[in-house]
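Remarks on the overall topology
Here is how the chains run, residue by residue.
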Amino acid sequence: MASDVDTAEPVYDYDLLVIGSGPGGHKAAIAAAKLGKKVAVAEKRNMMGGVCVNTGTIPSKTLREAVLYLTGFSQRDMYGPSYRVKSQITIADLLARCAHVVGREIEVVRNQLLRNRVDILTGTARFVDEHTVEVVGEARGERHVVSAANIVIATGTRPARPPQVQFDEEYVLDSDGVLALDRIPTTMVVVGAGVIGIEYASMFAALGTRVTVVEKRPQMLSFCDPEVVESLKFHLRDQGVTFRFGEEVERVEVTKKGTVTSLVSGKRIAADMVMYSAGRQGVTDELRLENTGLEADERGRLAVDKTYRTTVPHIFAVGDVIGFPALAATSMDQGRIAACHAFDEPVRDLQELQPIGIYTVPEISYCGRTEAELTAASVPYEVGMARYRELARGAICGDSYGMLKLLVSTEDRRLLGVHVFGTNATDLVHIGQAIMGCGGTVDYLVDTVLNYPTLSEAYKVAALDVTNKLRALETYSVE
Ligand SMILES: Cc1cc2nc3c(=O)[nH]c(=O)nc-3n(C[C@H](O)[C@H](O)[C@H](O)COP(=O)(O)OP(=O)(O)OC[C@H]3O[C@@H](n4cnc5c(N)ncnc54)[C@H](O)[C@@H]3O)c2cc1C
């Protein structure tokens, strides 16, 4: 017979302990606190807000904004190619803006946690057992051992560092190292044309750095619309970027003057520095997962089910540590949803339709399906195109290259995809996303009045374009 002690509910220090304060952890903690739960967040020193606030999304997007402003890049259509806001831009000019924004965002995250009575435990968390976590700080004696009924792992990722590459933070760096540069390079090699690599390549190109991108795949951003990617490549080449697709780096030599990158094909590229963007690795190695029975895969990632539960039912994992899509935007919602599941609070799954934003210069964004996907699935569609140069707002803001493309079902006129290239692409995409999410047709856009002059008008122009094509199809099809 079980004793009283056996049947009693175990008592924990916290209802929820979150490991990591990035977007996933932050939102999980707040959601649980809003449900009236006792919550703590463990985070390393000087990392409040996670990779997102300290080394990823926020500093990279702020750097981009600083580059666009100081170079006057987005105004050159209007004022000519020599237009500059500041003629000698220093790395300090760029990083000062980053420091300002990062500082503010850290305060916002910290304040939201404290305001919601979430305890902050500073240090590195590791499991003692599946309900107990030790958080060890850098200061002597800074150590907490806490227990929790539920735990959310939101420990994110760090840049993957190929073992054969000697990173020295000066000549050979990864995306974290860019934020500690002491100068703007004249020449640079970017290894890896994934989203982070190509975003930084385009920022440095806008600054006037001669960038060579080396990518072992035959193309880049293959998940995006090929027409949009072609436009981006055209623009980057125009800014002096050289692409080496289908090429692999054999070795990087560092001398007192700079670097020489040797490719397997025999080519050698001299550059002031080399930035590796070779993917990211889940940060699970410090967690002592073996004390929980959990195991990460070879890239440090954890497997979860639809409710973000790991194989240990009270331990959840959210954000980059669970892999695709590894975006701040998604991580936040994963955190919120995991917290609701932890406390049996009714919650809906995330909508499948999710936007992708790539903050290159110019930027790219899309939502829904690509032409290649629709063609492969034999879904008939028609394309509606709007060019910014035909929009009054395009002329006013000096963007003559932007475009918006709608993919519309020829069977029921529903929007199947929206692809945007150019100014404000990452904001504009949400109009299409909302219409698609509600199952809307292109007729909604035809019948809707949009503010004028705006870039949103591109939706109207593209909708009319596709409607004309659909009408022609109907007219020509009639016997
Ligand atoms: C250069 C760059 C640009 C990006 N740009 C964008 C963008 O434009 N848009 C977008 O949506 N996403 C972008 N991302 C991705 C985005 O930053 C991530 O998707 C997001 O930060 C993931 O959030 P997360 O909750 O998984 O935690 P993260 O932000 O990765 O933070 C994890 C936190 O966990 C902490 N931690 C780890 N282990 C422990 C431990 N044992 N104990 C205590 N704390 C621990 C870490 O210190 C860290 O602070 C970018 C990423 C990078 C690198």
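Residues numbered from 1 in each chain as written. Predicted model: local features only at pLDDT ≥ 70, side-chain atom pairs only at ≥ 80, totals over all residues.

This next bit is on the overall build of the chain. A tally of helices and strands in the chain yields 15 helices and 22 strands. Over its C-alpha atoms the chain spans a radius of gyration of 25 Å, differing by no more than 12% from the 23 Å that the globule rule assigns to 479 residues. The principal-axis extents of the C-alpha atoms in the chain amount to approximately 85 × 65 × 40 Å. Burial statistics for the chain: of 479 residues in total, 44% are counted as buried. Considering only contacts in the chain between residues 6 or more positions apart, those separated by 24 or more positions represent 65%. (Helix = DSSP H or I, 4+ residues; strand = E, 2+ residues; numbered from the N terminus. Rg over C-alpha atoms; globule rule 2.2 N^0.38 Å. Buried ≥ 20, exposed ≤ 12 C-beta atoms within 10 Å, placed from the backbone. Contact = placed C-beta atoms within 7 Å.)

This next bit is on the UniProt feature "binding site: FAD" (unreviewed entry) in the chain. Look at the UniProt record and you will see "binding site: FAD" (unreviewed entry) annotated at Lys 61 and Asp 320. With residues near it in sequence (within four places) discarded, Asp 320 still touches Gly 156, Thr 157, Arg 280, Ala 326 and Ser 331. (UniProt positions renumbered as here; feature names shortened; annotations may be inferred.)

Before going further, it helps to spend a moment on the sheet that holds strand β11 (residues 242-245). A sheet is described by the order of its strands in space; here 5 strands give the open sequence β8-β15-β9-β10-β11, paired in parallel fashion. At either end of the open sheet lies a strand with only one pairing partner, and these are β8 (172-173) and β11. The pairing of strand β9 (residues 187-191) with strand β15 (residues 273-276) spans 4 bridges and is classified as parallel. Each residue of the ladder has a partner; that of Val 191, found in β15, is Tyr 276. Sheet strands touched by helix α8 (residues 195-207): β9, β10 (210-215) and β15. Its angle to β10, the strand with the most contacts, is close to 165°. (Pairing = 2+ DSSP bridges. Axes fitted to C-alpha atoms, helices over the stretch in contact; angles between N-to-C directions.)

By size, the foremost hydrophobic cluster in this structure holds 76 residues, and its most contacted members are Val 67, Val 190, Ala 201, Val 274, Leu 406, Ala 458 and Ala 462. For this core, the element with the most residues is α8, which contributes 10 residues. Of all hydrophobic cores here, the second largest spans 53 residues; its members include Ala 40, Val 109, Ala 154 and Val 318. (Core = buried A, V, L, I, M, F, W, Y, C linked by C-beta atoms within 7 Å.)

With that out of the way, let us pick up the site of the ligand. Near the ligand, the surroundings consist of 38 residues, among which Gly 20, Gly 22, Gly 50, Gly 156 and Gly 319 are the closest. Of all the elements in the fold, those that place two or more residues in the shell around the ligand are α2 (23-34), β2 (39-43), α3 (50-54), α4 (57-71), β4 (124-129) and α10 (328-342). (Near = placed C-beta within 6 Å.)

Okay, the domain arrangement of the chain next. Entries for the chain in the domain assignment read domain 1 (14-159 + 281-342), domain 2 (172-278) and domain 3 (362-476). Here domain 1 and domain 3 have C-alpha centroids that lie 34 Å from each other. On the side of domain 3, 4 residues touch domain 1, which itself brings 4 residues to the contact. Here the residues of the side of domain 1 that touches domain 3 are counted per class, giving 1 nonpolar, 2 polar and 1 charged. (Domains from an automatic or database assignment. Nonpolar A, V, L, I, M, F, W, Y, C, P; charged D, E, K, R; others polar.)

Another aspect to go through is the sheet that holds strand β21 (residues 403-409). Spatially, 5 strands are ordered β18-β19-β22-β21-β20 in an open sheet, and the strand pairing comes out antiparallel. Of all strands in the sheet, those bounded by a partner on one side alone are β18 (356-358) and β20 (381-387). Between one strand axis and the next, the sheet turns by 10° as a mean value, whatever way the strands run. As defined by bridge partners, β21 adjoins strand β22 (residues 415-421) across 6 bridges and the pair is classed as antiparallel. Along β22, the bridge assignment pairs Val 408 with Leu 415.

Burial of β21 is extensive: 6 of the 7 residues sit out of reach of the surface. Bridging between β20 and β21 involves 7 bridges; their strand directions are antiparallel. Bridge assignment links Val 383 to a residue of β21, and that residue is Leu 407. Counting the residues between successive antiparallel strands, the hairpin from β21 to β22 contains 5 residues, one of them, Arg 413, with a positive phi of roughly 65°.

So, on to the environment of Asp 119. Looking at the element boundaries, Asp 119 is found in strand β3 (residues 119-122). Note on Asp 119: 17 C-beta atoms within 10 Å, which makes it partly exposed. With 105 residues separating them in the primary sequence, Asp 119 and Tyr 14 have C-alpha atoms 9.6 Å apart.

Turning our eyes to something else, we now look at the packing of α2 against α10. Two elements in contact, α2 and α10, have axes separated by 7 Å at closest approach and are oriented at 35°. Where α2 crosses over α10, the two elements pack in a sense that is right-handed. For the pair formed by α2 and α10, the contact residues are Pro 23, Gly 24, Gly 25, His 26, Lys 27, Ala 28, Ala 31 and Ala 32 on the first element and Ala 328, Ser 331, Met 332, Gln 334, Gly 335, Arg 336, Ala 338, Ala 339, Cys 340 and Ala 342 on the second. For the contact of α2 with α10, the class distribution of residues is 10 nonpolar, 6 polar and 2 charged. (Left-handed = near helix turned anticlockwise from the far one by under 90°.)

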